[in-house]
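Inside the fold
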Amino acid sequence: QVQLVESGGGLVQAGGSLRLSCAASGSIFSINVMGWYRQAPGKQRPLVATITRGDSTNYADSVKGRFTISRDNAKNTVYLQMNNLKPEDTAVYYCTATSGSRQYWGQGTQVTVSS
């Protein structure tokens, strides 16, 4: 069993930055991939970024060059550094982790970007 808790969301003006954190607890030794998804009301929940235990990363085209995902395995934490934020980045951001064949989700943290 894995529990995920996100933090770091908030309100920011366009062009600003935020850093999201996601701390994992429970059966953390079984975690393989960690990542971030986001969801706006009435829309899908597309991938933002993922990272493996070996630090292999994958990004959505919409955030490449602006967002950076990283992880600290000793702290069981994944981060998302978000720079040059745009209004279209406004969404609830969800942390995810895979453990074996299971996928776990955090409760989400709101990011709002104003023009």
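Nothing here was measured: the structure is a model prediction, and the numbers come from that model.

1. Topic: the state of the cysteines
One pass over the full model with this rule turns up one disulfide. A sulfur-sulfur separation of 2.0 Å characterises the disulfide bridge that pairs Cys22 with Cys95. Sign of the S-S torsion, about -85 degrees for the bond between Cys22 and Cys95, identifies this disulfide as left-handed. Pair noted here: Cys22 is in strand S3 (residues 18-26) and Cys95 is in strand S9 (residues 91-99), with a separation of 73 residues, a long-range link.

2. So, the environment of Thr77
Here Thr77 shows up in strand S8 (residues 77-82). Accessibility expressed as a relative area gives 10% for Thr77, which makes it buried. As a C-alpha pair, Thr77 and Ala23 span 54 residues in sequence and 4.4 Å in three-dimensional space. In this structure Thr77 touches Ser21, Cys22, Ala23, Ser70, Arg71 and Asp72, once residues within four positions along its chain are discounted.

3. Some words on the side chain of Ser21
Tracing the sequence through the fold places Ser21 in strand S3. Apart from the residues lying within four places of it in its own chain, the contact partners of Ser21 are Val5, Glu6, Ser7, Trp36, Thr77, Val78 and Tyr79.

Definitions and limits used
- Residues numbered from 1 in each chain as written.
- Predicted model: local features only at pLDDT ≥ 70, side-chain atom pairs only at ≥ 80, totals over all residues.
- Heavy atoms only, no water.
- Disulfide = S-S within 2.5 Å.
- Helix = DSSP H or I, 4+ residues; strand = E, 2+ residues; numbered from the N terminus.
- Buried < 20%, exposed > 50% of the residue type's maximum accessible area, 1.4 Å probe, protein only.
- Contact = heavy atoms within 4.5 Å.

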